[in-house]
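# Geometric and topological summary
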Amino acid sequence: MGGGILILFKHKDLLGLKDITAAEINFLLDTAVPMKEIISRPIKKVPTLRGRTVVNLFYENSTRTRGSFELAAKHLSADSINISSSSSSVAKGESLYDTARTIQSLGADVVILRHPMAGAAQLLAGTVEAAVINAGDGAHEHPTQALLDLFTVRERRGEIAGLRVLIVGDILHSRVARSDIWGFTKMGAEVRVCGPPTLVPPGLEETGARVYYNLEEALVDVDVVIMLRIQKERQQQGLFPGLREYARLYGLNRERLALARKDALVMHPGPVNRGVEIASDIADGPAAVIEEQVTNGVAVRMALLYLLTGGGDRHENDY
């Protein structure tokens, strides 16, 4: 990135993409470009956030998101603290509010929160002076996943505006789906969603998304297919008959992918249930960019850490 242009990013926190503008999303994605260059170097570390403290506060299990944030902090030379609910005072009954006060006393600059309850990130943001990044709150939003999805598509296609993006699976319970809908819609894409009627919330069209229940119809001429993980616990709630039946009706295989554009990208937030939402030959095939999503997640989260600790108030500089 070259110098001389004053750019502003005034948000204290990143709680979701619903209230972020397209210009701000573009700025975040632009900032992630030099961050990706950093992680391609032999020595993947710069002193940008030396002296800053990042706290990863995870109330749910996570591999990709938590590991990605940990690496992002390390690459920027920040000090990081990892707190999980099972090994902290949360297991003794401590409330999120009191945990937040403790974190504030530790002098945290950024708190990354993963929580099973929708709205938890907003509660935390109103309690602490530190910047708060929502790493997934209930079935509400998962903004950094959507940002890395946007970054991956923009990197592969150059432009997002005008693309047709299809999101398939458990839309009802998916925080990834909600953030992707907001993000891709704001960036000018046509967003389609498809899933069993019991897993598609009513009123979704108000977000600008087009709703389908037949996967073959939804796939016609799409540029990007985002397959969501089927949460197997939903089967116990009677929301769909079984995994085999779901795979028959909504699983992505070679025949169905042929309905999309020839250069269509296949994405998945992980972990993948092979043979259920996506066939192995598709997950490992040339259309899939699943591993790229993981790499790009580190770059996007580095950009967020940089911006939320004051980088958005500075002149652009070379990394």
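Conventions adopted
Residues numbered from 1 in each chain as written. Predicted model: local features only at pLDDT ≥ 70, side-chain atom pairs only at ≥ 80, totals over all residues. Heavy atoms only, no water. Helix = DSSP H or I, 4+ residues; strand = E, 2+ residues; numbered from the N terminus. Areas by Shrake-Rupley, 256 points an atom, 1.4 Å probe, with all protein chains shown as cover. Pairing = 2+ DSSP bridges. Axes fitted to C-alpha atoms, helices over the stretch in contact; angles between N-to-C directions. Contact = heavy atoms within 4.5 Å. UniProt positions renumbered as here; feature names shortened; annotations may be inferred. 1 Å grid on protein atoms, 1.4 Å probe; cavity = no way out; pocket = protein on both sides within 12 Å on 5 of 7 lines; lining within 4 Å. Buried < 20%, exposed > 50% of the residue type's maximum accessible area, 1.4 Å probe, protein only. Core = buried A, V, L, I, M, F, W, Y, C linked by side-chain atoms within 4.5 Å. Domains from an automatic or database assignment. Salt bridge = Lys/Arg side-chain N within 4 Å of Asp/Glu carboxyl O.

### Section: the overall build of the protein
A tally of helices and strands in the protein yields 11 helices and 9 strands. Only carbon and sulfur atoms are counted for the fraction: they give 50% of the accessible area of the protein, which is about 13,800 Å².

### So, the sheet that holds strand β3 (residues 110-115)
Reading across from one edge, β2-β1-β3-β4 is the order of the 4 strands in this open sheet, with parallel pairing throughout. Here the strands that pair on one side only, and so sit at the sheet edges, are β2 (79-84) and β4 (131-137). Within the sheet, the average angular offset between the axes of one strand and its neighbour, ignoring direction, is 15 degrees. As defined by bridge partners, strand β1 (residues 53-58) adjoins β2 across 6 bridges and the pair is classed as parallel. Looking across to β2, one finds that Thr 53 is bridged to Asp 79. Running at roughly 160 degrees to β2, helix α2 (residues 64-75) makes contact with β1, β2, β3 and β4 of the sheet.

### What to know about the UniProt feature "binding site: L-aspartate" (unreviewed entry) in the protein
Following the UniProt record, one finds the feature "binding site: L-aspartate" (unreviewed entry) at Lys 92, Arg 175 and Arg 229. Of the annotated positions named here, the largest pocket is lined by Arg 175 and Arg 229. Tracing the backbone shows Arg 229 in the loop between β8 (224-227) and α8 (243-250). Not counting chain neighbours up to four residues away, the residues in contact with Arg 229 comprise His 268, Pro 271, Asn 273 and Glu 277.

### A closer look at the environment of Glu 37
Relative to the helices and strands, Glu 37 is located in helix α1 (residues 22-38). Relative accessible area serves as the criterion here: at 39%, Glu 37 is assigned to the partly exposed category. A C-alpha to C-alpha distance of 8.5 Å links Glu 37 and Ala 299, two positions 262 residues apart in sequence.

### A look at the sheet that holds strand β5 (residues 164-168)
Strands in a sheet are paired, the pairing made by backbone hydrogen bonds, and the direction either parallel or antiparallel. What the 5 strands build is an open sheet, ordered β7-β6-β5-β8-β9; its pairing is parallel. The open sheet has two edge strands with one neighbour each: β7 (210-212) and β9 (265-267). When the angles between neighbouring strand axes are averaged without regard to direction, this sheet yields 20 degrees. In terms of strand pairing, strand β6 (residues 190-194) meets β7 through 3 bridges, oriented parallel. By the bridge assignment, Val 193 is partnered in β7 with Val 211. In the packing of helix α5 (residues 143-157) onto the sheet, the strands contacted are β8 and β9, and the crossing angle to β9 comes to about 165 degrees.

### Quick notes on the side chain of Asn 296
Mapped onto the elements of the fold, Asn 296 is located in helix α11 (residues 290-308). Residue class for Asn 296 comes out buried when judged on its relative accessible area of 0%. With residues near it in sequence (within four places) discarded, Asn 296 still touches Lys 36, Leu 148, Phe 151, Thr 152 and Glu 155.

### Some remarks on the nonpolar core
In this structure, Ile 112, Leu 147, Leu 150, Ile 167, Phe 184 and Leu 305 are the most contacted members of the largest nonpolar core, which totals 63 residues. In terms of residue count, the dominant contributor to this core is α11 (10 residues). Structurally, this core is a two-domain feature, drawing no fewer than three residues from each of domain 1 (13-141 + 295-308) and domain 2 (143-289). In this structure Leu 150 touches Leu 17, Ile 25, Leu 29, Ile 160, Gly 183, Phe 184 and Met 187, once residues within four positions along its chain are discounted. Ranked by size, the runner-up nonpolar core spans 29 residues in total, among them Leu 219, Val 222, Ile 278 and Ala 279.

### A few points about the pattern of salt bridges
Scanning the model with the defined rule gives 18 salt bridges in all. A salt bridge links Arg 192 to Glu 190, with the shortest nitrogen-to-oxygen separation between them at 2.7 Å. The buried category is assigned to Arg 192, whose relative accessible area is 6%. Among the salt bridges present, the one from Arg 256 reaches Glu 216, with a minimum N-O distance of 2.8 Å. Taken together, the residues Arg 256 in helix α9 (residues 254-257) and Glu 216 in helix α7 (residues 215-219) connect sequence positions 40 residues apart. Taking the relative accessible area as the measure of exposure, Glu 216 reaches 31% and is therefore partly exposed. Sharing partners across several salt bridges, the network here consists of Arg 157, Asp 223, Arg 261 and Asp 263.

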